[in-house]
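This is what each chain is made of:
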Amino acid sequence: MSFSISASLSQLASVDVTTLLAEQPRFWLRSEGVALQLQFSLASSLLPQATNSAFTQPTVGCCSIRVFGRDPDWMLLQSIGQLLPAGSWCQISALQPHPQLPVALHIQLVAGLTTDQQQQLHSLANQQQAELVYLDKAVQMSQPGLLVMDMDSTAITIECIDEIAALAGVGKQVAAITARAMNGELDFAASLTARVAALKGAPQSVLQQVAADLPLMPGLIELVGSLQQQQWQVAIASGGFTYFTGLLQQRLGLTATFANVLEIENGILTGKVEGDIVDANTKARVVRELAEQYGIAAEQTVAIGDGANDLPMLKTAALGVAFHAKPKVQAAAAARINKGSLLQLLYLLDPV
């Protein structure tokens, strides 16, 4: 048995979506012009004029939309429904993968979205100040997986080289180069070489000063802990420096870290990097090699970052997430988290 209503937004105004989902494990929705049609399994006093009805549930596929970053409401659901083909049902359920995260929505689709529909969804997310992430495949949190993170402005809130440069008295010069590199305007290896050269003569103590107050991205500790409880491997691949990635590896119990080695002689930075530079291609290779090393299926790999040099690894992983990213990276990444904590990455993983 199922129950059905067709209601306008004004008729649903007093019904909180999250409250309804606390009562109903899930419900079906489709947009009908200015109205919404709902099918649900349990009788509810929250909804107006529900009637018994026969309802053959459509078969949902692996494609879904995750809705988070703001309280969900019927206007937002109607807008999403209007992006779908006319008469198309979708299944709505609650999603709360961690106690510190607010309840979000998991919208399972009968069919995947076209490229044009995905772009419309992205535009709607900007208009509604919400995170609306379309996924065409599922990564299972409960199965062994791999997460590879960028460090600067992803795992931590700062760009370490900019902080070092500021303490060394060359902050503006280095920050300008960093910004151009992260926007993809400069070759990363060349830009790193130029920035490190500007640090020549700085005392090693500037590294110690930055490391002493390394600001973690909100949600980092909880995210890593949650994944490690599920036997995931978590690593950092950074165009930054081992001086800082090593500290994070020790603090968080990370599987591995990959970064550049600053050359230091007699406690003074020489302005050079030792060995090969960890660039965009290296980051992508880390995803492949760690997955192979730990026997992780390719479809269980996730990468997250914010800059242009993260794009190859985002595209290599089964799920690549642009986090608080530059516009170029947002445009190219499969998934985006534009605001809020790193813990929200859990919204994009299926719990079972």
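Residues numbered from 1 in each chain as written. Predicted model: local features only at pLDDT ≥ 70, side-chain atom pairs only at ≥ 80, totals over all residues. Heavy atoms only, no water.

A. Representation of the pairing of strand β10 (residues 233–241) in the model. Across the nine residues that make up β10, a large majority, nine, are buried. Judged from the four bridges that link them, strand β9 (residues 146–149) and β10 form a sheet pairing that is parallel. Bridging across to β10, V148 finds its partner in A235. Pairing of β10 with strand β11 (residues 256–265) involves four bridges; the strand directions are parallel. Following the sheet pairing, I236 is matched in β11 by T257. For the handedness criterion, the β-α-β arrangement of β10, helix α9 (residues 242–252) and β11 is classed as right-handed. (Buried < 20%, exposed > 50% of the residue type's maximum accessible area, 1.4 Å probe, protein only. Helix = DSSP H or I, 4+ residues; strand = E, 2+ residues; numbered from the N terminus. Pairing = 2+ DSSP bridges. Right-handed = clockwise from strand over helix to strand, strands pointing away.)

B. Geometry of the pattern of salt bridges. Overall, the coordinates contain nine salt bridges when judged by the stated rule. Across the salt bridge formed by D150 and K283, the nearest N and O atoms sit 3.0 Å from each other. Taken as a pair, D150 in the loop between β9 and α4 (160–168) and K283 in helix α10 (residues 280–293) lie far apart in primary sequence, 133 residues in all. The shortest N-O distance in the salt bridge between R285 and E289 comes to 3.6 Å. Highlighted residues: R285 and E289, both in helix α10, separated by four residues, approximately one helical turn. By relative accessible area, which is 37% here, R285 ends up partly exposed. For E289, a relative accessible area of 44% gives the class partly exposed. (Salt bridge = Lys/Arg side-chain N within 4 Å of Asp/Glu carboxyl O.)

C. Structural view of the sheet that holds strand β13 (residues 301–305). With mixed pairing, seven strands are arranged side by side in an open sheet as β12-β11-β10-β9-β13-β14-β15. Each of the sheet's edge strands pairs with one partner strand only, and the pair in question is β12 (268–274) and β15 (335–337). Taken pair by pair, the neighbouring strands of this sheet meet at an average axis angle of 25°, ignoring direction. (Axes fitted to C-alpha atoms, helices over the stretch in contact; angles between N-to-C directions.)

D. Up close: the packing of helix α7 (residues 205–212) against α9. The N-to-C vectors of α7 and α9 enclose an angle of 35°; their axes lie 10 Å apart at closest approach. Classified by chirality, the crossing of α9 by α7 is right-handed. On α9, the residues that touch L207, Q208, V210 and A211 of α7 are Y243, F244 and L247. Of the residues assigned to the contact of α7 with α9, the class counts are six nonpolar, one polar and no charged. (Left-handed = near helix turned anticlockwise from the far one by under 90°. Contact = heavy atoms within 4.5 Å. Nonpolar A, V, L, I, M, F, W, Y, C, P; charged D, E, K, R; others polar.)

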